[in-house]
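Structural features, examined
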Amino acid sequence: MTTAPFPSQTFDPLDGFDIDDEFVNVPGASPGPLDRKADAFDPVGRMRVETETAINAAPVPSAAPAASPAPAAPVVAAMPAPEPSTAPGTALAMGGPGSVEVSIPRIGVHIFAERQDTAAAAERAGQDRRMARATTQIRLGGVQAAIEAYQAEPTPPLIIVESLKAPQDLLAEIDLLAEVCDAGTKVVIIGATNDILLFRELMRRGVSEYLVAPVQPLQLIAAIGGLFADPAQPFVGRTIAFVGARGGAGASAVAHNTAYAMSERIGVNTVIVDYDLPFGTAGLDFNQDPLNGVADALSQPDRLDATLLDRMMVRCTDKLSLFAAPATLEADWDVGADAVEEVTTRIRATAPFVVLDLPHLWSGWMRRALIAADEVVVVATPDLASLRNAKNMIDLIKQGRPNDAPPRLVLNQVGMPGRPEIPAKDFGAALGVHPSLCIPFDAKVFGSAANNGQMIIDAAAKTKAAEAFETLAQIVSRRELPAAPARAAVRAKPAKPAKGSGSLFGSLFSKKS
């Protein structure tokens, strides 16, 4: 059941860029399926075993720590997920903040702790962004308190109980708990004994998971997510939100070019979601006719399925799809936070990486989208207005994501002629976040690419800006670029306009039928 944490790896600075060398570890894989006789905590039949079953309390020796690999330079090596172990302990070893990527449904979770540190960890887990849809109740008293509570009230979908007793006494308590639990309730036990035989005996009795104290907030979240994972969705894609510290910072251009570099240079399937409904530029940047993909999805989030999502998306390349904004002022585009959350959740099931292009505005759904994203990239320009706004954003995101790494800071338009600038070092020091990347200002390259509906790595592949987007793609995806020959083979042609769309400007100003 335990997995070894991933050792952190570093980027060596590339020429001309100031790159952050602090990276969040690659998400760990959830534990594999166990050989169990019961999936649910069912008190009828499946919880019973002979009372004379002997439990050998010999602890399982812990595995020797793996040696740390040499730092990769200048890119991070791709690290495969580890094989899950069947030894009892933590459900998922945490490699670092924000390393758990799960989707937890709207369920009730009751936690009965015996120790204060377990209750504190449960409280932090309940406040985590991943648990936003779940309702958590924390009580002290352990298994005995749970037995007394459920004498007069129904059991929720999930119960987490802590018991520090010896194996035989723990099994006796579990038998008593089974008598007051409803069929279908899942139970997670937090115990003090690292014993494989105890673990197997608990599985025989229908217990869903066993964790060894002390537990951490992300361990609890990973265990809950693993129990309620949707078998129809084999994975949950990783969301990367890009937001500008002020208008004109170029967050959309950075988001689109980074997503394109992820799909075409690294070779991972990526979806861009343009949430700037009235003024989104994703359609222009990829030379595609504007569609109402995002608007249609937000108007009917409960009806979305894989087929409908595929119809709403525009396929720009083999590995890049686009949820374009309508970019019209024909509607007021009042967006609900629940609708945005539901649409984003469903899109996460379609691709390993989902890039959210968020507009420069502030509302309830924007706050929730930023806090709920797996990673946030704040794009700023080296000026005072960006510094103030970026600080407000980063402070709020840190407060709302206590178990995650801080947002990444990208300085854009660095080196603009004639403009006084705040040095990157001072900018990062004021925010408490070292800039992950500085993208140089190049008006000709960016202007030509935007007017032609191209990405920088296609329009000007040998420029510093193209190199910056390739580097940023590695940072946010935690993947390395393929070898040089493979990179040449992967290079894609510029996205072509849809049939009948004509030139970029013609399609932009063409009358709607």
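Going by the structure above, here's the rest.
Since the model is a prediction, treat every value here as computed from it, not as a measurement. (Residues numbered from 1 in each chain as written. Predicted model: local features only at pLDDT ≥ 70, side-chain atom pairs only at ≥ 80, totals over all residues. Heavy atoms only, no water.)

With that settled, consider the packing of helix 6 (residues 251–266) against helix 16 (residues 464–477). Running from amino to carboxyl end, helix 6 crosses helix 16 at an angle of 80°, the nearest separation of the two axes being 8 Å. Of the possible angle classes, the one that applies to helix 6 and helix 16 is roughly perpendicular. Side by side, helix 6 and helix 16 meet where Ala253, Val254, Asn257, Thr258, Ala261, Met262, Arg265 and Ile266 of the first sit next to Phe469, Glu470, Leu472, Ala473, Gln474, Val476 and Ser477 of the second. Here the contact of helix 6 with helix 16 is composed, by residue class, of 9 nonpolar, 4 polar and 2 charged. (Axes fitted to C-alpha atoms, helices over the stretch in contact; angles between N-to-C directions. Helix = DSSP H or I, 4+ residues; strand = E, 2+ residues; numbered from the N terminus. Parallel < 35°, antiparallel > 145°, perpendicular 65-115°, else oblique. Contact = heavy atoms within 4.5 Å. Nonpolar A, V, L, I, M, F, W, Y, C, P; charged D, E, K, R; others polar.)

For the rest of this paragraph, the subject is the environment of alanine 369. By secondary structure assignment, the location of alanine 369 is in helix 11 (residues 364–372). Sequence-wise, alanine 369 and threonine 239 are 130 residues apart; in three dimensions their C-alpha atoms are separated by 9.8 Å.

The next thing to look at is unusual backbone geometry. Residues alanine 213 and proline 214 are joined by a peptide bond in cis, for which omega reads 0°. Mapped onto the fold, proline 214 is located in the loop between strand 5 (209–212) and helix 5 (217–227). Phi is positive for tryptophan 333, which is not a glycine, with a value near 55°. Positive phi outside glycine occurs at glutamine 413, with the angle close to 60°. Residue classification places glutamine 413 among the buried positions, given a relative accessible area of 16%. (Buried < 20%, exposed > 50% of the residue type's maximum accessible area, 1.4 Å probe, protein only.)

Right, let's talk about the sheet that holds strand 4 (residues 186–191) for a bit. Within a sheet, neighbouring strands are paired by backbone hydrogen bonds and run either parallel or antiparallel to one another. Taken in spatial order, the 5 strands of this open sheet run 2-1-3-4-5, and their pairing is parallel. Pairing within the sheet leaves two strands with one partner each, and these edge strands are strand 2 (135–140) and strand 5. Between one strand axis and the next, the sheet turns through 15° on average, direction left out of account. The pairing of strand 4 with strand 5 spans 4 bridges and is classified as parallel. Across the sheet, the residue bridging to valine 188 is glutamate 209, located in strand 5. Contacts from helix 1 (residues 116–126) reach strand 1 (108–113), strand 2, strand 3 (158–162) and strand 4, with the element oriented near 170° to strand 2. (Pairing = 2+ DSSP bridges.)

To continue, consider the sheet that holds strand 8 (residues 314–315). On the basis of which strands lie adjacent, the open sheet formed by 8 strands has the order 8-9-7-10-6-11-12-13 and mixed pairing. The two strands at the open ends of the sheet, each matched to only one other strand, are strand 8 and strand 13 (437–440). Bridge analysis of strand 7 (residues 270–274) against strand 10 (residues 353–357) gives 5 bridges, and the strand direction is parallel. Residue valine 271 lies in a different strand from strand 10, and its bridge partner there is valine 354.

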